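# Examination of the molecular architecture
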Amino acid sequence: MNGLRVRGVPIYDFPVPSWNKGKKQTYAMTPKKIVVHNTYNKATAKAESSYMVGNSNWTSFHSVVDDIAIYENVPFNRNTWHCGATYGNRNYIGIEIAKSTGNALEFAKAERNAAKYVAATLKKYGWGIDRVETHQKQSGKYCPHKTLDLGWQRFLNMINEELNGQKTIINNILNKPEVKANYSVQVSVGKGETLNVRSQPSANAKVVNAYNDGSIIYVEAVARDEYNNAWYKIPKIGYVSAAYCKGIDNRPKIVLYYGDGDKPIAELIASKHKVKCYRDDGTRTKKDYNIMYVGGKQYKDRFESAKVAVNAYL
Ligand SMILES: [Zn+2]
C-alpha cells in the first residue's frame with residue numbers, strides 16, 4: 001500500500017529482504033483476526049521495521065505504527081511470528097504500536113494512527129471489532145502493555161469511532177478536565193480566512209460554525225484534545241483551536257469626566273494615564289459604565305478622587 005494514506009496517515013512499504021523471508025514470513029496465511037502489540041521501546045516505526053526485517057531471530061510482525069506513519073513489512077497473506085501461540089502466529093495479523101515507553105503524547109498519536117489502520121483493515125475484510133485481540137489473550141504476555149495500562153476498551157472505542165466515522169472525541173485519553181476561563185480572545189487566521197467552530201475540542205470533531213478573522217470571542221473554559229492541544233470553549237456554540245486565537249487587552253477603556261473648575265486637574269490625570277477626558281455635560285449614558293468622575297465629597301481633594309478613579313481600572 002506504498003504511497004497510500006489511511007485517514008491522513010502515510011503508509012510505507014518496508015519489506016523483508018528475500019534472504020530473510022523464509023524466517024520472517026514463513027507460511028502462506030488466510031488472515032482471521034488482528035492482534036495488537038506494543039513495542040516496549042522508544043524506537044520509531046521506521047527503526048523498528050529496519051530492525052525486524054534485518055535481524056536473524058524468528059520474531060516478526062506484519063506492520064508497525066507510530067505517531068507519524070504506518071510501515072508495512074509483511075503482506076497479510078503470509079504469516080508472522082508475533083504472539084507466542086501457534087494458531088495466532090499462523091492465522092492472525094500482528095500490528096505493533098511503537099514508542100510505548102516514550103513520550104506520552106507521541107504514543108497517544110501512535111495509538112490513534114493504529115486505530116485508523118486497524119479500522120481500515122477491518123473494513124477491508126468486512127470484519128467487526130470482535131476480530132481485534134490483544135497479544136495477552138493469545139499467550140498471557142502483558143502486551144500491548146501501555147495500551148492495556150491506559151485501557152483496552154478505550155482503544156477498542158477509538159477503533160469503533162474510526163469504523164463508524166463518528167466524530168465523538170475522547171477528551172479522556174490524557175484525562176484533562178476543562179479549566180474555567182473568563183476572558184475574550186481575537187480570531188487570528190489571516191485576512192479573509194475563517195476559523196472553524198467544532199462540536200468537541202478536537203480537529204476531528206464536526207464543524208458547527210465559523211468565525212471571521214478578527215472576531216472577538218468570549219472564552220468560557222479551556223479544554224484539551226487527545227494531543228493535549230488547547231481549545232477554547234464558547235458557551236452554547238462549540239470549541240475553537242487556541243492556536244488560531246490571540247489574546248486581547250480587554251480592560252475597560254477609561255473616560256474621565258470633570259465638572260466645572262476641575263479641567264486642569266482632570267487633564268493632568270488623563271495625560272498621565274493616557275485616557276480621554278471630557279467636561280461632564282450630562283450626556284453620559286448607561287453604556288459608559290466605565291466612566292470615572294473627577295470629584296466626590298468623600299475625597300480630600302479633586303486630585304485624589306481622580307487618582308482613585310483611574311487607578312481602579314489601571
Ligand atoms: Zn506483543
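Shown above is the structure to which this text applies.
This one's a predicted model, so the numbers in the text were calculated from it and none came from an experiment. (Residues numbered from 1 in each chain as written. Predicted model: local features only at pLDDT ≥ 70, side-chain atom pairs only at ≥ 80, totals over all residues. Heavy atoms only, no water.)

## Considering the nonpolar core
Ile34, Tyr117, Leu122, Val132, Phe155 and Ile159 are the most contacted members of the largest nonpolar core, which totals 29 residues. Among the elements of the structure, strand 2 (9-13), strand 3 (33-38), strand 6 (92-97), helix 4 (104-125) and helix 7 (152-164) are those that each provide at least two residues to this core. Looking at which element gives the most residues to this core, the answer is helix 4, with eight residues. (Core = buried A, V, L, I, M, F, W, Y, C linked by side-chain atoms within 4.5 Å. Buried < 20%, exposed > 50% of the residue type's maximum accessible area, 1.4 Å probe, protein only. Helix = DSSP H or I, 4+ residues; strand = E, 2+ residues; numbered from the N terminus.)

## Describing the pattern of salt bridges
Inspection of every chain in the model, using the stated rule, returns nine salt bridges. Taking the shortest distance from any N to any O, the salt bridge between Arg7 and Glu162 comes out at 3.1 Å. Of this pair, Arg7 sits in the loop between strand 1 (5-6) and strand 2 while Glu162 is found in helix 7, placing the two residues 155 residues apart along the sequence. Since its relative accessible area comes to 38%, Arg7 is described here as partly exposed. Taking the relative accessible area as the measure of exposure, Glu162 reaches 6% and is therefore buried. Each member of the salt-bridge network shares a partner with another, and the members are Arg7, Arg112, Glu161 and Glu162. (Salt bridge = Lys/Arg side-chain N within 4 Å of Asp/Glu carboxyl O.)

## Considering helix 2 (residues 45-54)
Listing the buried residues of helix 2 in full gives Ala45, Glu48, Ser49, Met52 and Val53. Taken around the axis of helix 2, the buried residues stretch over an arc of 120 degrees, which confines them to a single face. Summarising the contacts, the buried residues of helix 2 are in contact with helix 1 (18-24), strand 4 (63-65) and strand 5 (70-72). (Arc of directions from axis to C-beta. Contact = heavy atoms within 4.5 Å.)

## Describing the coordination of the zinc ion
The protein atoms donating to the zinc ion are His37 (ND1), His135 (ND1) and Cys143 (SG), with metal-donor distances spanning 2.0 to 2.3 Å. Donor residues for the zinc ion, ordered by position in the chain, follow H-x97-H-x7-C. Across the pair, exposure class does not vary: His135 and Cys143 are buried alike. (Donors = N, O, S within 2.8 Å, 3.2 Å for Na, K, Ca; no water.)

## A closer look at helix 7
When the terminal C-alpha atoms of helix 7 are compared, their 18 Å separation across 13 residues agrees well with the 18 Å that a helix rising 1.5 Å per residue should span. For helix 7, the set of buried residues is Trp152, Arg154, Phe155, Leu156, Met158, Ile159, Glu161, Glu162 and Leu163. Looking at the buried positions of helix 7, the neighbouring elements they touch are strand 3, strand 6, helix 4, strand 7 (132-134) and helix 6 (145-150). (Expected span 1.5 Å × (residues − 1).)

## Quick word on the packing of aromatic side chains
Taken as a whole and judged by the stated rule, the model has eight aromatic pairs. The rings of Tyr12, Phe14 and Tyr71 are connected pair by pair, giving a single aromatic cluster. Lying over the aromatic face of Tyr27, Arg90 brings its terminal NZ or CZ to 3.7 Å of the ring centre. (Phe/Tyr/Trp six-rings, centres within 6.5 Å; stacked < 30°, edge-to-face > 60°. Lys NZ or Arg CZ within 6 Å of the ring centre and 35° of its normal.)

## Some thoughts on the sheet that holds strand 2
If you walk across this open sheet you meet the seven strands as 1-2-5-4-6-3-7, and the pairing is mixed. The open sheet has two edge strands, strand 1 and strand 7, and neither has a second partner. For strand 4 and strand 6, the ladder comprises three bridges, and the chain directions are parallel. Within the sheet, the bridge partner assigned to Val65 lies in strand 6 and is Ile97. Packed on one face of the sheet, helix 2 meets strand 4 and strand 5 and runs near 155 degrees to strand 4. In this fold helix 7 packs onto strand 3, strand 6 and strand 7, with an angle of close to 155 degrees to the strand it touches most, strand 7. (Pairing = 2+ DSSP bridges. Axes fitted to C-alpha atoms, helices over the stretch in contact; angles between N-to-C directions.)

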